[in-house]
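# Observations on chain architecture
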Amino acid sequence: MPSQPRPGGARGSDAPPGAEHAQPEPGGATGQPGHRARPAPTGVPAPPGGTGGHDGRTDAPEGEDEPRGDTRSTTEGPTEHGGSGTRQDESADPSPGSPGPPDGVERRGAGPAAGQPGVTHMRRDGDRLRFVGAATRRIARGLDLDEIVMGLCRATVPTFSDAILVYLRDPLPVGDERPMGPVVLRLRRADRIPDERDVEAAGPLAALPADLDATGTTELCTVRPGGALAEVLRGVRPVFAEDAVDALPELLGQSRTVPGGRHTILAPLRGRRRVIGAAIFLRRPDRDRMPFDSEDLLVAAQLATHSALGIDKAVLYGREAYIADELQRTMLPETLPQATGVRLASRYLPAAETARVGGDWYDAIPLPGSRVALVVGDVMGHSMTSAAIMGQLRTTAQTLAGLDLPPQEVLHHLDEQAQRLGHDRMATCLYAVYDPVSHRITIANAGHPPPVLLHLGGRAEVLRVPAGAPIGVGGVDFEAVELDAPAGATLLLYTDGLVESRLRDVVAGIEQLRTRLEATAQLTGPDHPPPLEALCDEVLDMLGPGDRDDDIALLAARFDGIAPSDVAYWFLEPDEKAPSRARRLARVALKRWDLEELTDSVELLVSEVVTNAVRYASRPVTLRLLRTDVLRCEVGDDVPQLPRLRQARATDEGGRGLYLVNKLARRWGATRLSTGKVVWFELNRNHPG
């Protein structure tokens, strides 16, 4: 049935042609009940007359429609923010004579006619809701502080504002911390709509409206207690510039102003416990865009709340990750020891994913007899607990190494220690002992990836080492193998993060590592091994973008060894003639090595140390001289008690032997062995032998 034309003409002045649906007027010529307007949403005022006036419009003055500039500002942005971009004048009442809806059927879109204030409010409120939803999702995607702040800026400009400035406390409080000093706000980020007039702008605030010059905005602001800015921040709610006349100059600086009235919103950023910053939203007065209204204050409050809570979480996560990372790094050796006959290099890389902290560790421990223990391990898991367990196992391994236990015994005691720490404390570990005199290496493995040996000629070999069970399983035996360690060869110990990822298995990763080592060795030729530090970098360069699922510990050892001609070794019977014989043997060795200028010092120190050894020894005493970059002397006996340096009194006849050693030697020490102890000292060589 044709609908009735409106009084006063075929269509209202605010209803452009081309509308698909029109609202039948209640009680009109159709006489059909049930054709009533859809109730307006909460907060949207209903038209006068209950279900609408005679023409379905409010009593607005003739020719005055709802302002469209503000509506366009919320709908002309990216579709991500929910803006449809549809003009609001594309719907109107049907022309006279057009058919109405069938009897008993309500038309879709029934309610106030399109283009009327009710529809305008509903569309604008819907756009705001969609924008807030899209903006909060974008903010929530950020994991760290910079991502969250950038998400806030990108979500609001240009859809909600022409420019934004984000200030955060410096430093940001973490958790329950109570800052004691004054509140200081630092400009963290700014963004704006690009404009040709602002091309020449420079500085950290280049992303601002042209009338807010970068040179006039302070980066740092100290909030005065009881001042205008402090009152706004304490109030938490966003305010217009007209309500923050004194607060904005305090934040931005007295020399510059921002658009006044309702073109600027100052929104405090409140976290869970305190205000952590502020955001300023600006709209240019010279643009074809309406100023902010009261509904935009609610939008700014939503954005500020979500951003502040996200920043709180990011700061807490960053602090936890920092503590865990520092915990692990402090448990790793700061520097590697300068062991005799071997050069060392190491690398540690945290995982690239969010769980950056693991339980990987490496270590190099000097042992008696110029030997060195090489250790690499990996505690299962990624947390501060894993890092703490790693520290305990590393300390245990150092203690066991100091007892000079065989590698398989060290792993056995580590396994027992892991079981004492908890039933689920598991780790893999590889323990190797290198002897530069015999050019041999003894290796024991507990479920760790096998080491790779790069020979001097450029051939890389994956060593056949019994895999063993991980530490913490319990009830298993560990085997040790003894292999050749030729001079010039390089041993590479690593954790599974280097060879295993989501893109490849362990076998393929080990083969790729072996191939990479051979390719690197070819660059320096068969007679020259590649530099150790550069070799470590080349190994890490083989990692692709998706190969950093786990943290990586890498320990490289270049075997130089000690030539037999640089070693002198004797057995001395524990009697009164041993010191004089030791002096004579040392003098002969120094003459052969052309180190005669050290004769007096060596004879004195050897005599003192051998005298202490034969006083309590029941078996032959060993004397060994090693010529490397320094002259090293080692005296061994079967007494486990270690000597202690003490200050002799003036009336004492003895007790000055170690005092002389401490004064004349470059370094000295004593190490307990399973069969006794070794006392050693080193002297600098005045010229090469």
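Residues numbered from 1 in each chain as written. Predicted model: local features only at pLDDT ≥ 70, side-chain atom pairs only at ≥ 80, totals over all residues. Heavy atoms only, no water.

### Some remarks on the overall build of the protein
What the protein contains, in helices and strands, is 13 helices and 21 strands. The long-range share in the protein, meaning contacts at least 24 apart out of those at least 6 apart in sequence, stands at 70%. (Helix = DSSP H or I, 4+ residues; strand = E, 2+ residues; numbered from the N terminus. Contact = heavy atoms within 4.5 Å.)

### Here we look at the pairing of strand β7 (residues 342-349)
The element β7 is largely enclosed, with a buried count of 6 among its 8 residues. Across 8 bridges, β7 lies against strand β16 (residues 552-559) in antiparallel orientation. The partner of Leu 349 across the bridge, within β16, is Ile 552. (Buried < 20%, exposed > 50% of the residue type's maximum accessible area, 1.4 Å probe, protein only. Pairing = 2+ DSSP bridges.)

### Section: the packing of helix α12 (residues 599-616) against helix α13 (residues 657-664)
The geometry of a pair of packed helices is captured by two quantities: the angle between their axes and the separation between those axes. α13 packs onto α12 with a crossing angle of 145 degrees between their chain directions and a minimal axis gap of 9 Å. For the pair α12 and α13, the crossing hand works out as left-handed. Touching Leu 604, Leu 605, Glu 608 and Val 609 of α12 are Gly 657, Leu 660, Val 661 and Leu 664, all from α13. Looking at side-chain class alone, the contact of α12 with α13 contains 6 nonpolar, 1 polar and 1 charged residues. (Axes fitted to C-alpha atoms, helices over the stretch in contact; angles between N-to-C directions. Left-handed = near helix turned anticlockwise from the far one by under 90°. Nonpolar A, V, L, I, M, F, W, Y, C, P; charged D, E, K, R; others polar.)

### Quick notes on the environment of Met 380
You can see Met 380 is positioned in the loop between β9 (372-379) and α7 (384-402). In sequence terms Met 380 and Arg 425 are 45 residues apart; their C-alpha atoms lie 7.7 Å from each other. Other than its neighbours up to four places away in sequence, Met 380 contacts Ser 386, Met 426, Ala 427 and Pro 470.

### Concerning the pattern of salt bridges
Where charged atoms from two side chains of opposite charge come close, those side chains can pair. If you walk through the whole model with that rule in mind, you get 28 salt bridges. The salt bridge partner of Asp 170 is Arg 186, with a shortest N-O separation of 2.9 Å. Taken together, the positions of Asp 170 in the loop between β1 (163-169) and β2 (184-192) and Arg 186 in strand β2 put the pair 16 residues apart, joining distant regions of the chain. Residue classification places Asp 170 among the partly exposed positions, given a relative accessible area of 34%. Here Arg 514 makes a salt bridge to Glu 511, at a shortest N to O gap of 2.6 Å. Of this pair, Arg 514 and Glu 511 both sit in helix α9 (residues 506-522), separated by 3 residues, roughly a single helical turn. Glu 511 sits in the partly exposed class, given a relative accessible area of 38%. Salt bridges sharing partners connect three or more residues here, namely Arg 624, Arg 632, Glu 634, Arg 666, Arg 667 and Glu 682. (Salt bridge = Lys/Arg side-chain N within 4 Å of Asp/Glu carboxyl O.)

### Here we look at the sheet that holds β9
Pairing between the strands of a sheet comes from backbone hydrogen bonds, and it takes one of two forms, parallel or antiparallel. Strand order across the open sheet formed by 5 strands is β8-β9-β10-β11-β14, with antiparallel pairing between neighbours. Both edges of this open sheet fall to β8 (359-366) and β14 (480-484), since each of them pairs with a single strand only. Neighbour-to-neighbour, the strand axes of this sheet turn through a mean angle of 15 degrees, independent of strand direction.

### A look at a nonpolar patch on the surface
Together, Tyr 322, Ile 323 and Met 384 give the surface a local cluster of nonpolar side chains, amounting to about 290 Å² of exposed area. Here Ile 323 shows up in helix α6 (residues 294-331). (Patch = residues over 30% accessible without salt bridge, like charges linked within 9 Å, V, L, I, M, F, W, Y side chains within 5 Å. Areas by Shrake-Rupley, 256 points an atom, 1.4 Å probe, with all protein chains shown as cover.)

### Considerations on unusual backbone geometry
Here the amide bond leading from Val 157 into Pro 158 is cis, since omega sits at 5 degrees, within 30 degrees of zero. Cis geometry is found at the peptide bond from Asp 170 to Pro 171, where omega equals 0 degrees. Relative to the helices and strands, Pro 171 is located in the loop between β1 and β2. Positive phi values are uncommon outside glycine, yet Asp 404 reaches one of about 60 degrees. Within the secondary structure, Asp 404 is located in the loop between α7 and α8 (407-421). In the Ramachandran plot, His 439 falls in the positive-phi region, its phi being about 55 degrees despite a non-glycine side chain.

### A look at α12
Across its 18 residues, α12 extends 26 Å between first and last C-alpha, which sits within 8% of the 26 Å expected from 1.5 Å per residue. Those residues of α12 that fall on the buried side of the exposure criterion are Thr 599, Val 602, Glu 603, Leu 605, Val 606, Ser 607, Val 609, Val 610, Ala 613 and Val 614. Tucked inside the fold, the buried residues of α12 contact β17 (567-572), α11 (578-592), β18 (621-627), β19 (630-637), α13 and β21 (676-684). (Expected span 1.5 Å × (residues − 1).)

### Topic: the layout of surface pockets
Here the largest pocket is characterised by a volume of approximately 730 Å³. Contributions of two or more residues to the lining of the largest pocket are made by β7, α7, β19, β20 (667-673) and β21. Per-element tally for the lining of the largest pocket: the top contributor is β7, with 3 residues. By residue class, the composition of the lining of the largest pocket is 13 nonpolar, 8 polar and 10 charged. (1 Å grid on protein atoms, 1.4 Å probe; cavity = no way out; pocket = protein on both sides within 12 Å on 5 of 7 lines; lining within 4 Å. Points joined across faces, edges and corners; volume = space filled by probe spheres on them.)

### So, the sheet that holds β21
Strand order in the open sheet made by the 5 strands is β17-β18-β19-β21-β20, with antiparallel pairing throughout. The sheet is open, and its two edges are formed by β17 and β20, each paired on a single side. Pairwise comparison of adjacent strand axes, ignoring direction, gives a mean angle of 15 degrees for this sheet. In terms of strand pairing, β20 meets β21 through 7 bridges, oriented antiparallel. Bridge pairing in β21 links Leu 673 to Gly 676.

### Let's talk about the nonpolar core
Counting residues in each nonpolar core, the largest one holds 51 residues, and the members touching the most others are Leu 374, Leu 411, Leu 414 and Phe 559. Of all the elements, strand β10 (residues 427-435) adds the most residues to this core, at 7 residues. Non-local contacts of Phe 559, meaning those with residues more than four positions away in its chain, are made with Gly 341, Val 342, Tyr 434, Ile 441, Leu 453, Ala 485, Pro 486, Ala 487, Gly 488, Ala 489 and Leu 491. (Core = buried A, V, L, I, M, F, W, Y, C linked by side-chain atoms within 4.5 Å.)

### A look at the packing of aromatic side chains
In total, this model carries 5 aromatic pairs according to the counting rule given. Measuring from centroid to centroid gives 5.5 Å for Phe 160 and Phe 281, while their planes differ by 85 degrees, and the two rings are edge-to-face. Of this pair, Phe 160 sits in the loop between α3 (145-156) and β1 while Phe 281 sits in strand β6 (residues 275-282), and the two are 121 residues apart along the sequence. With a centroid separation of 4.2 Å and 20 degrees between ring planes, the pair formed by Tyr 434 and Phe 559 is classed as stacked. In this pair, Tyr 434 is assigned in strand β10 and Phe 559 in strand β16, connecting sequence segments 125 residues apart. (Phe/Tyr/Trp six-rings, centres within 6.5 Å; stacked < 30°, edge-to-face > 60°.)

### So, the environment of Leu 517
Mapped onto the fold, Leu 517 is located in helix α9. The exposure class assigned to Leu 517 is buried, which follows from its relative accessible area of 2%. Residues in contact with Leu 517, not counting those within four places in the same chain, are Val 452, Leu 454, Ala 460, Leu 492, Leu 535 and Val 539.

### Focus: the environment of Asp 505
With respect to the element layout, Asp 505 can be found in the loop between β15 (490-494) and α9. Engagement of the side chain of Asp 505 in a polar contact is seen with the backbone nitrogen of Ala 508, the distance being 2.9 Å. (Polar contact = N/O pair within 3.5 Å; in protein donor to acceptor, adjacent residues only side chain to side chain.)

### Focus: the packing of α7 against α8
It is the contact of α7 with α8, at a shortest axis distance of 10 Å, that shows an interaxial angle of 145 degrees. In the crossing of α7 with α8, the sense of the turn from one axis to the other is right-handed. Between α7 and α8, the residues in contact are Ile 389, Gln 392, Leu 393, Thr 396, Ala 397 and Leu 400 and Val 410, His 413, Leu 414, Gln 417, Ala 418 and Leu 421, respectively. Among the residues making up the contact of α7 with α8, the classes are represented as 8 nonpolar, 4 polar and no charged.

### A few points about the confidence of the model for the protein
Mean pLDDT over the protein works out to 77, with 75% of the residues at or above the 70 mark. Of the regions scoring below 50 in pLDDT, residues 1-114 engages in 146 contacts with residues more than four places distant in sequence or in other chains. Here residues 209-216 scores under 50 on pLDDT; set against residues more than four positions off or in separate chains, the count is 21 contacts. (pLDDT = per-residue confidence, 0-100.)

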